[in-house]
Amino acid sequence: MKNNSHIPSKEKIRKLYESYAEYFAIVMENIIDILHAEVKLNAQPTYKSRVKSFNSYYKKILRLKPEETKDSDSLVLLTDMMGIRMICAFLEDMQLGLEQIKKTFEIKEIEVKGAEKKFSEFGYESIHVLIKIPDSCKPPVELFEGLKPLGENLVCEIQIRTILQDAWAEVEHELIYKTEFNPFDIPLRRKLASLNAMLSLADITFQEIRDYQNRLQKELEDRRHSFYDMADSILDEKPKDKVEDDSINRISPFVSGTIDEMLLRAIHAHNSGNLEEAVTIYTKILEAVDPSDKNVIAVIRKHRGMAYFSMNNFDAALQDFDISLQYDPKAFRTYYYKGIVCAIQKNYEWAIENYSKSLEINEFQAHTFFRRAMAWYELQEYEKSMNDLNNALNLGMPPADCKVLQEKLTKQFGLSV
């Protein structure tokens, strides 16, 4: 009779493996706490964790480490017993997250899964990182009856994926791996490959849109600060020095010929001081846009008004701001810009009215309170000016920016500085 004593007891291995389930769960919870604290992305990732199912574990140790199963009193360690998924919003976040993980943990191995697959094959890329588990993440085994220490070779796998990659992985697991399904039907294989490609394209497109938004926001911030600097120079009666910022990495068009691309070109020209070119492009956009698209008209009129302001064409700026507000009466910043132009023209009552409308829509604007305080001062409404100045300071206006007006008001109230 054949001796089968070398065959390991499946039930004994199951009992041993499952006895570590709570221990593994605590380890992963501690690792996720560290990831929450150390990985900082613009769109914070979400995390999932799982302990490898016993059936999958058992099949793998028999295939990969059959010799080690003879001693069924000791747990056979695999690299993927504990798995954490870090699910990111955008493709760029995967690499950023990986770099921060590398700074936080001791890395044993990094592998890009799916990169080797052909277009027609199933699979979707994700980054798999094996980390050494810090001692601080391991609960004392003495707290768990019957458990033995697992030694220094215990690792945890962190899978870094996008939301769409994770969705594909979940469905792929159910359709293909879980059922050991490998379709021979060519149309069906093509459908799966097509779905894979569409998800990959969607991830790339989302990233392109994200890049466009980031670069557009940078241009908008540059233009807004330029507007404020010029307003300060005029109101303070100081000469305005033209600043050339060579540190700005100017951008390429998003999609050539679209309104988005034209707007980006216009703002680029605006920030670069090519104001006539900026006005020309803004005008072309207004000529091309659907008259019923109120949002686009409001935005472009606002931008062109700011360009006219930078050209000292205040009447044209006011006209564009007025039309912009007709299309978007809740645009608090446009009221603010209009108020600045009125103040420069020394029409302080009209400036106050526009600042007030801006604050009715959004009361948490330190700079708007400050500008209205300046206008109140010019009208010798010192108490109202002081109230607005205090509101500006309470909302975070830098005290240094308020110092001159504060000293003027203190003098008017007959108080010592």
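Look up: the structure comes first, before these words.
About the thresholds
- Along every chain, residues carry numbers that run from 1 in the direction the sequence is written.
- Residues qualify for local features only when their pLDDT is at least 70, as the model is predicted, and side-chain atom pairs are given and counted only at 80 or more; totals for whole chains, interfaces and linings, by contrast, use all residues.
- Only heavy atoms go into the side-chain values, all of them from the structure, while hydrogens and water stay out.
- Between the N-to-C directions of two axes lies an angle of 0 to 180 degrees, each axis being a line fitted to C-alpha atoms and, for a helix, fitted only over the stretch in contact.
- By definition, any uninterrupted DSSP run of H or I lasting at least four residues is a helix, any uninterrupted run of E lasting at least two residues is a strand, and each is numbered from the N terminus.
- Oblique is the label for every angle not falling under 35 degrees (roughly parallel), over 145 degrees (roughly antiparallel), or within 65 to 115 degrees (roughly perpendicular).
- Two helices that cross are described as forming a left-handed crossing if the nearer one is turned anticlockwise from the farther one by less than a right angle, and a right-handed crossing if clockwise.
- Contact definition: two residues touch when any of their heavy atoms are within 4.5 Å.
- We call Asp, Glu, Lys and Arg charged. Ala, Val, Leu, Ile, Met, Phe, Trp, Tyr, Cys and Pro are nonpolar, and the rest, Gly among them, are polar.
- Every helix has an expected span of 1.5 Å times one less than the residues it contains.
- Burial classification: accessible surface area is computed with a 1.4 Å probe over protein chains only, and a residue below 20% of its type maximum counts as buried, one above 50% as exposed, and the rest as partly exposed.
- Pairing between strands is defined by DSSP: at least two bridges between them are needed.
- We define a nonpolar core as any set of buried Ala, Val, Leu, Ile, Met, Phe, Trp, Tyr and Cys residues linked to one another through side-chain atoms lying within 4.5 Å.
- The rule is short: rings of Phe, Tyr and Trp, with Trp giving its six-membered ring, pair when the centres are within 6.5 Å, and they are stacked under 30 degrees, edge-to-face over 60, tilted in between.

## Regarding the packing of helix 13 (residues 366-378) against helix 14 (residues 382-394)
As a packed pair, helix 13 and helix 14 sit with axes 8 Å apart at the nearest point and diverge in direction by 165°. Looking at the two axes, helix 13 sits roughly antiparallel to helix 14. When you trace helix 13 past helix 14, the crossing you get is left-handed. From helix 13, Ala 366, Phe 369, Phe 370, Arg 372, Ala 373, Trp 376 and Tyr 377 reach across to helix 14, where they touch Tyr 382, Lys 384, Ser 385, Asp 388, Leu 389, Asn 391 and Ala 392. Across the contact of helix 13 with helix 14, the residue classes break down as 9 nonpolar, 2 polar and 3 charged.

## A word on helix 12 (residues 348-361)
Spanning 14 residues, helix 12 covers 20 Å between terminal C-alpha atoms, matching the ideal 20 Å at 1.5 Å per step. Within helix 12, burial applies to Tyr 348, Ala 351, Ile 352, Asn 354, Tyr 355, Ser 356, Ser 358 and Leu 359. Here the buried face of helix 12 lies against helix 11 (332-344) and helix 13.

## Description of the packing of helix 7 (residues 259-271) against helix 9 (residues 294-310)
Their axes nearest at 11 Å, the elements helix 7 and helix 9 cross at an angle of 20°. Relative to helix 9, the element helix 7 lies roughly parallel. Taken as a pair, helix 7 and helix 9 cross one another with a handedness that is left-handed. Here Leu 263, Ile 267 and His 270 of helix 7 lie close against helix 9, whose contacting residues are Ile 300, His 303, Met 306, Ala 307 and Ser 310.

## Some remarks on the sheet that holds strand 4 (residues 126-132)
Backbone-to-backbone hydrogen bonds join strands into a sheet, with any given pair of strands oriented parallel or antiparallel. In space, the 5 strands of this open sheet follow the order 1-2-5-4-3, with mixed pairing throughout. Taken across any chain shown, the strands that pair with only one partner, and hence form the sheet edges, are strand 1 (46-51) and strand 3 (107-113). When strand polarity is set aside, the average angle formed by the axes of neighbouring strands in this sheet is 20°.

## Notes on the nonpolar core
Counting 44 residues, the largest nonpolar core has Tyr 23, Phe 24, Ile 31, Tyr 57, Leu 75, Ile 101 and Ile 160 as the members making the most contacts within it. Sorting the residues of this core by element identifies helix 1 (10-19), helix 2 (21-38), helix 3 (54-64), strand 2 (82-88), helix 4 (91-104), strand 4 and strand 5 (155-162) as the ones contributing at least two each. Top element by residues in this core is helix 2. It accounts for 7 residues. Apart from residues lying up to four places away in sequence, Leu 75 is in contact with Leu 16, Tyr 17, Tyr 20, Phe 24, Tyr 57, Met 81 and Leu 150. If you look at the next biggest cluster of nonpolar residues, it comprises 41 residues, including Ile 267, Ala 269, Tyr 337 and Ile 344.

## Some points on the packing of aromatic side chains
Per the counting criterion, the structure on display carries 14 aromatic pairs. With 5.6 Å between their ring centres and 50° between their planes, Phe 309 and Phe 314 make a pair best called tilted. With respect to burial, Phe 309 and Phe 314 carry one shared label: buried. A ring pair is formed by Phe 321 and Tyr 337, whose centres lie 6.1 Å apart and whose planes are at 40°; its orientation type is tilted. Residue Phe 321 is located in helix 10 (residues 314-327), and its partner Tyr 337 is located in helix 11; the two are separated by 16 residues in the primary sequence. A connected cluster of aromatic rings, assembled from ring pairs, spans Tyr 17, Tyr 20, Tyr 23, Phe 24, Phe 54, Tyr 57, Tyr 58 and Phe 144.

## Topic: unusual backbone geometry
The residue Lys 346 is not glycine, and still its phi comes out positive at about 65°. Assignment of secondary structure puts Lys 346 in the loop between helix 11 and helix 12. Taking relative accessible area as the criterion, Lys 346 reaches 55% and is therefore assigned exposed.

## A closer look at helix 11
Taking 1.5 Å of rise per residue, 13 residues should cover 18 Å, and helix 11 covers 19 Å from first to last C-alpha, within 8% of that figure. Those residues of helix 11 that sit buried are Thr 334, Tyr 335, Tyr 336, Tyr 337, Lys 338, Gly 339, Ile 340, Val 341, Cys 342, Ala 343 and Ile 344.

## Focus: the pairing of strand 2
Burial runs high along strand 2: 7 of the 7 residues are buried. Side-chain alternation along strand 2 places Met 82, Ile 84, Met 86 and Cys 88 on one buried face and Gly 83, Arg 85 and Ile 87 on a second face that is also buried. Bridge count between strand 1 and strand 2: 6 bridges; the pairing is antiparallel. Paired with Lys 48 across the two strands is Arg 85, which belongs to strand 2.

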